[in-house]
Amino acid sequence: MTDPLVRFDGATLEYHGRAIWRDLSLAVAPGAFTAILGPNGSGKTSLLRVVLGLTALTGGRAEVLGAPPRRGNPGIGYVPQHHTFDRDLPLRGRDLVGLGLDGHRWGFGRPSASARRLVAAALEAVEATDYADAAIGRLSGGEQQRLRIAQALVGDPRLLLCDEPLASLDLRHQQEIAALIGGWRRRSGGSVLFVTHDVNPILEFVDRVLFVVNGRWAAGTPDEVLTSERLTGLYGSHVDVLRVHDRIIVVGDRISSGFELEEPHHLPAVDDDPAHQGAGAR
């Protein structure tokens, strides 16, 4: 049996003495597309931080690509939530993608021929070649997010972490970005951990779900986890899961509930700098 790319065994994470999740066990197989769902403050982004080696577990064990989590792992690509770049930022699209190869270094040097080829291939893979030389601040939100995906993939990772990459995008761009990530998974055989509030834009690609809420969790296929009975147990109050026109709708009195914690909902502030995004969230 092929070893999982990510494994959590009895993992517990606490902030200020309150459990975000407790005794979590999860195995992410090669080629899996796992959606991480739950309300704000439930620990979705914190799980990515553990995988990236940015946050230590309170208890239990985590393993990433066959070893303990560590910062700057080149086998990991990271796609952040969409934030618009400053319109006057003097950085081209291809420069942003190139930072996925050497963004951990200070300054901007002349890229090597091999680096230029890798950047060109990544741009082509996300269909962003036509605007690769445009200033990133002048591009649309969907175009900017395509470039962030190229940046995450340029180093040929085995594992792709996506932290709400569809947030603030319209439906058309959500569908396009979801298809790009799903297509990469299919072509490369890599695995995806995808944090989102809404599973519907990625539902056709998802084969596993991790739902975290109120310190509790459930993992399995979408049909196993996204049920009225399962979510009612997690929330501790009645929840209805409806399927309407191939969409999943979750309805309940306490759906937005969750701990009021000072949990870092996004990766460190330096990651808003393009030089600190991309491979391994250096």
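Each remark here, short or long, concerns the structure printed above.
So, a few notes on the structure that sits alongside this text. Just so it is clear, the structure is predicted and the values come from calculations on it, not from any experiment.

Some words on a nonpolar patch on the surface
- On the surface, L242, V244, I249 and V251 cluster together into a nonpolar patch covering about 280 Å² of accessible area.
- Put simply, the parts of the chain that give the nonpolar patch at least two residues each are strand 10 (239–244) and strand 11 (247–252).
- With respect to the element layout, V251 can be found in strand 11.

Looking at the sheet that holds strand 2 (residues 18–28)
- Judged by pairing direction, the sheet is antiparallel, and its 3 strands sit side by side in the order 2-1-4 without closing on themselves. Of all the strands in the sheet, the pair left with one neighbour each is strand 2 and strand 4 (59–64). Mean inter-strand twist for the sheet, computed between neighbouring axes without regard to direction, equals 25°.
- Both strand 1 (residues 6–15) and strand 4 contribute to a ladder of 5 bridges, which runs antiparallel. What sits directly across from F8, in strand 4, is A62.
- Along the sheet, helix 1 (residues 44–51) contacts strand 1, strand 2 and strand 4; its crossing angle with strand 1, the most-contacted strand, is approximately 120°.

What about the pairing of strand 3 (residues 33–37)?
- When you tally the buried positions in strand 3, you get 5 out of 5 residues, the bulk of the element.
- Of the two faces of strand 3, the one holding F33, A35 and L37 and the one holding T34 and I36 are both buried throughout.
- Direction of pairing for strand 3 relative to strand 7 (residues 191–195): parallel, over a ladder of 4 bridges. Opposite I36, over in strand 7, you have V195 as the bridge partner.
- Summarising the sheet, strand 3 and strand 8 (residues 208–213) pair through 4 bridges and their orientation is parallel. Counted as the bridge partner of A35 is V209 from strand 8.

A look at helix 1
- The buried count for helix 1 comes to 8 of 8 residues, which makes it a mostly enclosed element.
- Of the residues making up helix 1, those classed as buried are K44, T45, S46, L47, L48, R49, V50 and V51.
- G53, located one to two residues past helix 1, shows a positive phi value of around 75°.

A look at the packing of helix 2 (residues 93–102) against helix 4 (residues 141–153)
- Two elements in contact, helix 2 and helix 4, have axes separated by 7 Å at closest approach and are oriented at 30°. Taken as axis vectors, helix 2 and helix 4 run roughly parallel relative to one another. Between helix 2 and helix 4 lies a crossing of right-handed hand. Touching G93, L96, V97, L99 and G100 of helix 2 are L147, R148, A150 and Q151, all from helix 4.

Focus: the environment of G38
- Looking at the element boundaries, G38 is found in the loop between strand 3 and helix 1.
- Along the backbone, G38 and H197 are 159 residues apart, and their C-alpha atoms lie at a distance of 6.5 Å.
- In this structure G38 touches K44, T196, H197, F211 and V212, once residues within four positions along its chain are discounted.

Remarks on the packing of aromatic side chains
- With the rule as written, the count across this model stands at 4 aromatic pairs.
- Plain terms: the ring middles of F8 and W21 are 6.1 Å apart, the flat faces sit at 90° to each other, and that makes the pair edge-to-face. With F8 in strand 1 and W21 in strand 2, the pair connects residues that are 13 residues apart, well separated along the chain. Both residues of the pair, F8 and W21, belong to the buried class.

Parameters at a glance
Residues numbered from 1 in each chain as written. Predicted model: local features only at pLDDT ≥ 70, side-chain atom pairs only at ≥ 80, totals over all residues. Heavy atoms only, no water. Patch = residues over 30% accessible without salt bridge, like charges linked within 9 Å, V, L, I, M, F, W, Y side chains within 5 Å. Areas by Shrake-Rupley, 256 points an atom, 1.4 Å probe, with all protein chains shown as cover. Salt bridge = Lys/Arg side-chain N within 4 Å of Asp/Glu carboxyl O. Helix = DSSP H or I, 4+ residues; strand = E, 2+ residues; numbered from the N terminus. Pairing = 2+ DSSP bridges. Axes fitted to C-alpha atoms, helices over the stretch in contact; angles between N-to-C directions. Contact = heavy atoms within 4.5 Å. Buried < 20%, exposed > 50% of the residue type's maximum accessible area, 1.4 Å probe, protein only. Parallel < 35°, antiparallel > 145°, perpendicular 65-115°, else oblique. Left-handed = near helix turned anticlockwise from the far one by under 90°. Phe/Tyr/Trp six-rings, centres within 6.5 Å; stacked < 30°, edge-to-face > 60°.

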